[in-house]
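Summary of structural features
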Amino acid sequence: MFRNIREPGGVIGAFAVGSTVLLLLSGLFSVAVIAKNSQDFGAGERTIWGVVGVANWLGCVGFALGRKHALPGMVVAAIGALAFSAFYFWALLPLLLGPAIALLAVLRAQRFTRGTAV
């Protein structure tokens, strides 16, 4: 699976691995918030945290799919990245990284569809 994420190699591959790890950790954070529930969230808030966590994990799946299915992988990775950005809007880093990860997914899909991948 990590070989699929590292493709096409170089800078894009390195950023794809970093983005996948970031989305995976963000999804784990969402699940931890649901499990701990230290702020007495209601069912609606826990559902939103769950949806964001699943969307982030789908972003990881999108990067893994990108090698064989470039366009569907790009769409799923971009959705996960934008969910990361939109939900954590109160923090500056996700607000900047979310659109950058979505752009990375688009550039990676372009590289795979052109056939110039290693």
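Preceding block: the structure.
Described in the following lines is the structure provided in the data block. (Residues numbered from 1 in each chain as written. Predicted model: local features only at pLDDT ≥ 70, side-chain atom pairs only at ≥ 80, totals over all residues. Heavy atoms only, no water.)

1. Considerations on helix α5 (residues 92-114)
- Taking 1.5 Å of rise per residue, the 23 residues of α5 would be expected to cover 33 Å, and the 34 Å separating its terminal C-alpha atoms lies within 8% of that figure.
- The set of residues buried in α5 consists of Pro-94, Gly-98, Ile-101, Ala-102, Leu-104, Ala-105, Arg-108, Ala-109 and Phe-112. (Helix = DSSP H or I, 4+ residues; strand = E, 2+ residues; numbered from the N terminus. Expected span 1.5 Å × (residues − 1). Buried < 20%, exposed > 50% of the residue type's maximum accessible area, 1.4 Å probe, protein only.)

2. Some remarks on a nonpolar patch on the surface
- Taken together, the side chains of Val-21, Leu-24, Leu-25, Leu-28, Val-31, Val-54, Trp-57, Leu-58, Val-61 and Leu-65 make up a nonpolar region of the molecular surface, amounting to roughly 800 Å² of accessible area.
- Elements with a contribution of two residues or more to the nonpolar patch: α2 (10-36) and α3 (43-65).
- Relative to the elements of secondary structure, Val-31 occurs in helix α2. (Patch = residues over 30% accessible without salt bridge, like charges linked within 9 Å, V, L, I, M, F, W, Y side chains within 5 Å. Areas by Shrake-Rupley, 256 points an atom, 1.4 Å probe, with all protein chains shown as cover. Salt bridge = Lys/Arg side-chain N within 4 Å of Asp/Glu carboxyl O.)

3. Overview of the packing of α3 against helix α4 (residues 70-87)
- The interhelical angle for the contact between α3 and α4, taken along N-to-C directions, is 145°, at an axis separation of 7 Å. In the crossing of α3 with α4, the sense of the turn from one axis to the other is left-handed. Mapping the contact onto sequence places Ile-48, Trp-49, Val-52, Ala-55, Asn-56, Leu-58, Gly-59, Gly-62, Phe-63 and Leu-65 in α3 and Ala-70, Gly-73, Val-76, Ala-77, Gly-80, Ala-83, Phe-84 and Phe-87 in α4.
- A breakdown of the residues in the contact of α3 with α4 according to their chemical character gives 13 nonpolar, five polar and no charged. (Axes fitted to C-alpha atoms, helices over the stretch in contact; angles between N-to-C directions. Left-handed = near helix turned anticlockwise from the far one by under 90°. Contact = heavy atoms within 4.5 Å. Nonpolar A, V, L, I, M, F, W, Y, C, P; charged D, E, K, R; others polar.)

4. Section: the packing of aromatic side chains
- In the structure shown here, the tally under the stated rule is two aromatic pairs.
- Judged by centre distance (5.8 Å) and plane angle (70°), the rings of Phe-29 and Trp-49 are edge-to-face. Of this pair, Phe-29 sits in helix α2 while Trp-49 sits in helix α3, placing them 20 residues apart in sequence.
- For Phe-29, a relative accessible area of 41% puts it in the partly exposed group.
- Cluster of aromatic residues (ring-pair linked, three or more members): Phe-29, Phe-41 and Trp-49. (Phe/Tyr/Trp six-rings, centres within 6.5 Å; stacked < 30°, edge-to-face > 60°.)

5. Considering α4
- With 18 residues, α4 extends 26 Å between its outermost C-alpha atoms, agreeing within 8% with the 26 Å of an ideal straight helix rising 1.5 Å per residue.
- Those residues of α4 lying buried are Ala-70, Gly-73, Met-74, Ala-77, Ala-78, Gly-80, Ala-81, Ala-83, Phe-84 and Ser-85.
- Elements that come into contact with the buried residues of α4 comprise α2, α3 and α5.

6. Things to note about the side chain of Ser-26
- Checked against the element boundaries, Ser-26 lands in helix α2.
- Assessed through its relative accessible area of 7%, Ser-26 is described here as buried.
- Those residues within four positions of Ser-26 in sequence are excluded, and the remaining contacts are Asn-56, Phe-84 and Tyr-88.

7. A closer look at the nonpolar core
- Core analysis: the biggest nonpolar cluster contains 23 residues, and Ala-16, Leu-23, Phe-63, Tyr-88, Ile-101, Leu-104 and Ala-105 have the highest contact counts within it.
- When contributions to this core are tallied by element, the ones reaching two or more residues are α2, α3, α4 and α5.
- Beyond its immediate stretch of four places on either side in the chain, Ile-101 contacts Ser-19, Leu-22, Leu-23, Phe-63 and Ala-81. (Core = buried A, V, L, I, M, F, W, Y, C linked by side-chain atoms within 4.5 Å.)

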